[in-house]
Amino acid sequence: KYFKISFLVKYRRVFLLVLVSVFVLQYYRCNNSIRKGDCLAADHEHWVQTTSGCLRINTYKSDSLSEHPNLVLVIHGDAPFNKPGYQYKMARIIAEQNKNTIAVGILRPGYTDSEDHVSDGRKGFTTGDNYTPEVIESIAQAIQFLQNQYHPAKTILIGHSGGAAITGDLIGVKPTLVNAAVLISCPCNVPKWRKQMGRKQFYNPGWLSSVSSISPHEVADKIDPNTRVLILIGEKDDVTPLELSQEYEKQLQNLHIPSQLIQIPNEGHEIFLNDTVFNAIRSVLML
């Protein structure tokens, strides 16, 4: 027992040094993409220009479109360990499955996608620190640009995990921007969620730092009462636990925001491409 304690004391500084080094390297890796995007001129299909730079998008369209189609925007999660591309896959499937629909997958600021395209901005540490006013404004401008381009009959915003937090922020901060929102695996109370993750990932000091992120539950009272909100969560989600979605849905009900919570049995966090999700999206498009 004495040997174990002495060993821990002796190598504590080494452990802390390694931990800090990993944290610094992670910061450099996450924020080394602050550069000009590849869109010298936004083409509306693959790039969109905002005041803070270019965001990568991939656009998919139904076979036939009216003058005022449905516009669906898809936002990926925090993706701490990979280059997100599943937002494009979801957008493609939505356009294939629904009539009169333009679906756009959006690459969040600072991220690199699976094809190595980069959106301008800061990715941060992916510890709930990048749902900031700057990120919200950048994505809002992209949505407004696309609305001006396509003149949609309705606009639906869909987000997964951290993207769901951003979606919840957008409908609060920009209450007239979209007609409906679909929040999937949502950390809708960001401070509470970060505390839970800090205990779970005790080795990551990023969860302990103060952040300027907006939390959906903090701006819920600003949501337009005509905005429909759909919340989906896997009952076995151990990343964004069920209670976070339940509490948010109850808050919306108390605010008289038309909302519904759908729990998917025996599913965890990665439910973005679940059939139940696509059926729910289809129901929103048909309203």
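This text gives an overview of the structure that appears in the document. What you see is a predicted model, and the numbers here were worked out from it, not measured in a lab.

1. Re helix 5 (residues 190-200)
For step 1, the next point in the chain: Residues of helix 5 that are buried: Val 190, Trp 193, Arg 194, Gln 196, Met 197 and Gly 198.
For step 2, the next point in the chain: Each element contacted by the buried residues of helix 5 is listed here: helix 6 (216-219) and helix 7 (242-254).
For step 3, the next point in the chain: Its side-chain oxygen 3.1 Å from the backbone nitrogen of Lys 192, Asn 189 forms the N-cap of helix 5.

2. Thoughts on unusual backbone geometry
For step 1, the next point in the chain: A positive phi angle, close to 55 degrees, is found at Thr 126, a residue other than glycine.
For step 2, the next point in the chain: Turning to its location among the elements, Thr 126 is positioned in the loop between strand 4 (101-106) and helix 3 (133-150).
For step 3, the next point in the chain: Located in the positive-phi region is Ser 185, a residue other than glycine, with phi close to 55 degrees.
For step 4, the next point in the chain: Structurally, the position occupied by Ser 185 is in the loop between strand 6 (180-184) and helix 5.

3. A short note on the pairing of strand 4
For step 1, the next point in the chain: Counting buried residues in strand 4 gives 6 out of 6 residues, a clear majority hidden from the surface.
For step 2, the next point in the chain: The two faces of strand 4 match: Thr 101, Ala 103 and Gly 105 on one face and Ile 102, Val 104 and Ile 106 on the other face are all buried.
For step 3, the next point in the chain: Direction of pairing for strand 2 (residues 53-61) relative to strand 4: antiparallel, over a ladder of 5 bridges. Residue Asn 58 lies in a different strand from strand 4, and its bridge partner there is Gly 105.
For step 4, the next point in the chain: Note that strand 3 (residues 70-75) and strand 4 share 6 bridges and pair parallel. Within strand 4, the position partnered with Leu 71 by the bridge is Ile 102.
For step 5, the next point in the chain: Each parallel crossover has a hand, and the one from strand 3 via helix 2 (residues 86-97) to strand 4 is right-handed.

4. Quick notes on the side chain of Asp 224
For step 1, the next point in the chain: Considering the arrangement of structural elements, one finds Asp 224 in the loop between helix 6 and strand 7 (228-234).
For step 2, the next point in the chain: Buried and unpaired, Asp 224 has Arg 228 as its nearest opposite-charge partner, separated by 13 Å.
For step 3, the next point in the chain: Those residues in contact with Asp 224 that sit more than four places away from it in its chain are Ile 171, Pro 175, Thr 176 and Ile 257.

5. Observations concerning helix 8 (residues 275-286)
Residues that lie three or four places apart on an α-helix share one face, since the helix turns once every 3.6 residues.
For step 1, the next point in the chain: Between its first and last C-alpha atoms helix 8 spans 17 Å; for 12 residues at 1.5 Å apiece the expected length is 16 Å, and the two agree.
For step 2, the next point in the chain: For helix 8, the set of buried residues is Val 277, Phe 278, Ala 280, Ile 281, Val 284 and Leu 285. End-on view of helix 8: buried residues confined to an arc of 160 degrees, all on one side of the axis. Looking at helix 8, the residues exposed on the side facing more than 90 degrees away from the buried face are Asp 275 and Met 286.
For step 3, the next point in the chain: The opening residue of helix 8 is Asn 274, an N-cap whose side-chain oxygen sits 2.8 Å from the backbone nitrogen of Thr 276.

6. Thoughts on the packing of helix 3 against helix 4 (residues 162-173)
For step 1, the next point in the chain: Axis separation between helix 3 and helix 4 bottoms out at 10 Å; the angle between their running directions is 75 degrees. Taken as axis vectors, helix 3 and helix 4 run roughly perpendicular relative to one another. On helix 4, the residues touching Val 135, Ile 136, Ile 139, Ala 140 and Ile 143 of helix 3 are Ile 166, Asp 169, Leu 170 and Val 173.
For step 2, the next point in the chain: Here the contact of helix 3 with helix 4 is composed, by residue class, of 8 nonpolar, no polar and 1 charged.

Definitions and limits used
Residues numbered from 1 in each chain as written. Predicted model: local features only at pLDDT ≥ 70, side-chain atom pairs only at ≥ 80, totals over all residues. Heavy atoms only, no water. Buried < 20%, exposed > 50% of the residue type's maximum accessible area, 1.4 Å probe, protein only. Helix = DSSP H or I, 4+ residues; strand = E, 2+ residues; numbered from the N terminus. Contact = heavy atoms within 4.5 Å. Polar contact = N/O pair within 3.5 Å; in protein donor to acceptor, adjacent residues only side chain to side chain. Pairing = 2+ DSSP bridges. Right-handed = clockwise from strand over helix to strand, strands pointing away. Lys, Arg positive; Asp, Glu negative; His and termini not counted. Salt bridge = Lys/Arg side-chain N within 4 Å of Asp/Glu carboxyl O. Expected span 1.5 Å × (residues − 1). Arc of directions from axis to C-beta. Axes fitted to C-alpha atoms, helices over the stretch in contact; angles between N-to-C directions. Parallel < 35°, antiparallel > 145°, perpendicular 65-115°, else oblique. Nonpolar A, V, L, I, M, F, W, Y, C, P; charged D, E, K, R; others polar.

Spatial relationships are all this shows, so hold off on functional conclusions.
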